[in-house]
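So the chains spell out like this:
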Amino acid sequence: MDTTQKLSKEFVAHLADEIHIDTSETFDAVMTTRDKVWEMIKNSLSLKEDKRCADLHSFDDLKGEHVGRMRTFTGDTSPVDWIIHSNIGIPQNTFTNIHLTIYLDDSVEVPHLGMAFGTLPNAFFYVDPMPRYEPLSYPEHVEEYLSPLNDIYMSLQDELFEAGIKPFNAAMPFIRASLSPVALAGVVPLDFYREKVEPKIFAYVEYWLKLVHAAKKVENPVIRTQLKQRDALIRRNIVHLDPANPIAERLVGKPLADRLVRILCAEERTQ
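These numbers come from a predicted model, not from an experiment. (Residues numbered from 1 in each chain as written. Predicted model: local features only at pLDDT ≥ 70, side-chain atom pairs only at ≥ 80, totals over all residues. Heavy atoms only, no water.)

Visitor: Any chance you could explain the overall build of the protein here in plain terms?
Guide: For the protein, the helix and strand inventory stands at nine helices and eight strands. Taken against the 2.2 N^0.38 rule, which gives 18 Å for 271 residues, the C-alpha radius of gyration of the protein at 18 Å falls within 12% of a compact globule. Taken along its principal axes, the extent of the C-alpha atoms in the protein is 55 × 45 × 40 Å. The 271 residues of the protein split such that 51% are buried. In the protein, the share of contacts with a sequence separation of at least 24, taken over all contacts with a separation of at least 6, comes to 68%. When the accessible surface of the protein is totalled, it reaches about 13,200 Å², and 52% of it is carbon and sulfur. With 30 positive and 40 negative side-chain charges, the protein shows a separation of 4 Å between the mean positions of the two kinds. (Helix = DSSP H or I, 4+ residues; strand = E, 2+ residues; numbered from the N terminus. Rg over C-alpha atoms; globule rule 2.2 N^0.38 Å. Buried < 20%, exposed > 50% of the residue type's maximum accessible area, 1.4 Å probe, protein only. Contact = heavy atoms within 4.5 Å. Areas by Shrake-Rupley, 256 points an atom, 1.4 Å probe, with all protein chains shown as cover. Lys, Arg positive; Asp, Glu negative; His and termini not counted. Charge placed at Lys NZ, Arg CZ, Asp CG, Glu CD.)

Visitor: Help me understand the pattern of salt bridges in this model?
Guide: If the charged atoms of two oppositely charged side chains come close together, the side chains can form a pair. Tallied over the entire structure, the rule returns 15 salt bridges. Among the ionic pairs, K42 bridges to E39, the shortest N-O distance being 3.2 Å. Residue K42 and its partner E39 are located together in helix α2 (residues 24–44), separated by three residues, close to a single helical turn. A salt bridge links R259 to E268, with the shortest nitrogen-to-oxygen separation between them at 2.7 Å. For the pair R259 and E268, a shared accessibility class is recorded, and that class is buried. Each member of the salt-bridge network shares a partner with another, and the members are D55, R259, R262 and E268. (Salt bridge = Lys/Arg side-chain N within 4 Å of Asp/Glu carboxyl O.)

Visitor: Teacher, can you tell me more about helix α9 (residues 254–264) here?
Guide: Since the α-helix packs 3.6 residues into each turn, any two residues three or four apart lie on the same face. For α9, the set of buried residues is L256, A257, R259, L260, V261, I263 and L264. Buried-residue contacts for α9 involve β2 (59–60), β3 (66–75), β4 (80–89), α7 (221–240) and α8 (245–252). The positive-phi residue at the C-terminal boundary of α9 is A266, with phi of around 65°.

Visitor: Looking at this structure, I do not really get the environment of F95. What am I missing?
Guide: Tracing the backbone through its elements, the reader meets F95 in the loop between β4 and β5 (96–104). For F95, a relative accessible area of 4% corresponds to the buried category. Along the primary structure F95 and P121 are separated by 26 residues, whereas in three dimensions their C-alpha atoms are 6.6 Å apart.

Visitor: Quick question: what am I supposed to make of the layout of surface pockets here?
Guide: With a probe scaled to a water molecule rolled over the atoms, the places where space remains empty come into view. Roughly 370 Å³ of internal volume is contained in the second largest pocket. In this structure, the second largest pocket is lined by 17 residues; those nearest its centre are A177, S178, L179, R230 and I234. Breaking the lining of the second largest pocket down by element, the ones donating at least two residues are α5 (173–178) and α7. Broken down by element, the lining of the second largest pocket gets its largest block of residues, five residues, from α7. When grouped by side-chain class, the residues that make up the lining of the second largest pocket number ten nonpolar, four polar and three charged. (1 Å grid on protein atoms, 1.4 Å probe; cavity = no way out; pocket = protein on both sides within 12 Å on 5 of 7 lines; lining within 4 Å. Points joined across faces, edges and corners; volume = space filled by probe spheres on them. Nonpolar A, V, L, I, M, F, W, Y, C, P; charged D, E, K, R; others polar.)

Visitor: So what exactly am I meant to see when it comes to the packing of α2 against helix α6 (residues 190–214) here?
Guide: Packed helix pairs are specified by the crossing angle of their axes together with the interaxial distance, meaning the distance between the axes. Here α2 crosses α6 at 15°, and the two axes come no closer than 11 Å. By the angle between their axes, α2 is roughly parallel relative to α6. Where α2 crosses over α6, the two elements pack in a sense that is right-handed. Here E25, T26, A29, V30, T33, K36, V37, M40, I41 and S44 of α2 lie close against α6, whose contacting residues are L190, Y193, R194, E198, I201, F202, V205, E206, L209 and H213. Across the contact of α2 with α6, the residue classes break down as eleven nonpolar, four polar and five charged. (Axes fitted to C-alpha atoms, helices over the stretch in contact; angles between N-to-C directions. Parallel < 35°, antiparallel > 145°, perpendicular 65-115°, else oblique. Left-handed = near helix turned anticlockwise from the far one by under 90°.)

Visitor: Help me understand the side chain of S180 in this model?
Guide: Take S180: it is sitting in the loop between α5 and β8 (184–188). We classify S180 as buried; its relative accessible area is 8%. One polar contact links S180 to D128, side chain to side chain, over a distance of 2.5 Å. Residue contacts for S180: discarding those within four places in its chain leaves D128, P129, P131 and L146. (Polar contact = N/O pair within 3.5 Å; in protein donor to acceptor, adjacent residues only side chain to side chain.)

Visitor: Help me out: how do you make sense of unusual backbone geometry in this one?
Guide: Excluding glycine, a negative phi dihedral is what most residues carry, and trans is how most peptide bonds are arranged. In the segment running from L120 into P121, the intervening peptide bond is cis, with an omega of -15°. Along the chain, P121 falls in the loop between β6 (112–119) and β7 (123–130). Even without being glycine, A266 reaches a positive phi, approximately 65°. Note that A266 resides in the segment after α9. Residue A266 is classed as buried on the basis of its relative accessible area of 12%.

Visitor: It is not clear to me how the environment of G164 should be interpreted in this structure. Could you clarify?
Guide: By the secondary structure assignment, G164 is in the loop between α4 (150–162) and α5. The exposed category is assigned to G164, whose relative accessible area is 66%. Residues G164 and V127, spaced 37 residues apart in sequence, show a C-alpha to C-alpha distance of 21 Å.

Quick look at the structure:
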């Protein structure tokens, strides 16, 4: 059994009929964070909703119980290509997965903003200014966009160590490779999340919004093509290799799970 299968098996174990850990309090806390961040973003950037997945604004599991929501957005006058605003899972049965990911278009080279939250059963969090260039090939991109967040990143590592909390270490090499040098990610007790993590998430979002508003247009058509191609490839790889995909299939069946993947990839859209 490879690492991906092992990780998926661990996730699916949380959904086993004999395991029922009520994570509602933690779910409400991380969902509140996501909703506050969403307010910050939609009040700052000009957006419009893509209605291709309007029928999935609320969807059920195979037992007919509500299990998730999916909404998607694009930029109106802002340089946003695709936004995923979604959640799936049942808090009373341990596992939940919440997304708010913003991909920018090729008119700017500001990092994307990847975010995910959930319950495993402690509070899971991930926020990352996803670089638009390969960091080792373009150190100037790291210096300009990522380095200003390094003090916040390092302070969280110190706080995790002082609290005796194991640092986040994804089992899949690909998932580890997908994280930027300043990605904040972990699974932590709720009190620690509220006190130490949530303020840092808001600081990351505020910083990212300032970058978007100050972004200079990419004029070179060759560079724009390269950005667009790289964005599409990375987005597709991240979505298709997400170790939580087997959980979605278990919850809602393969046809709907496959459709959710297509939506996450921006392969099913109207604009």
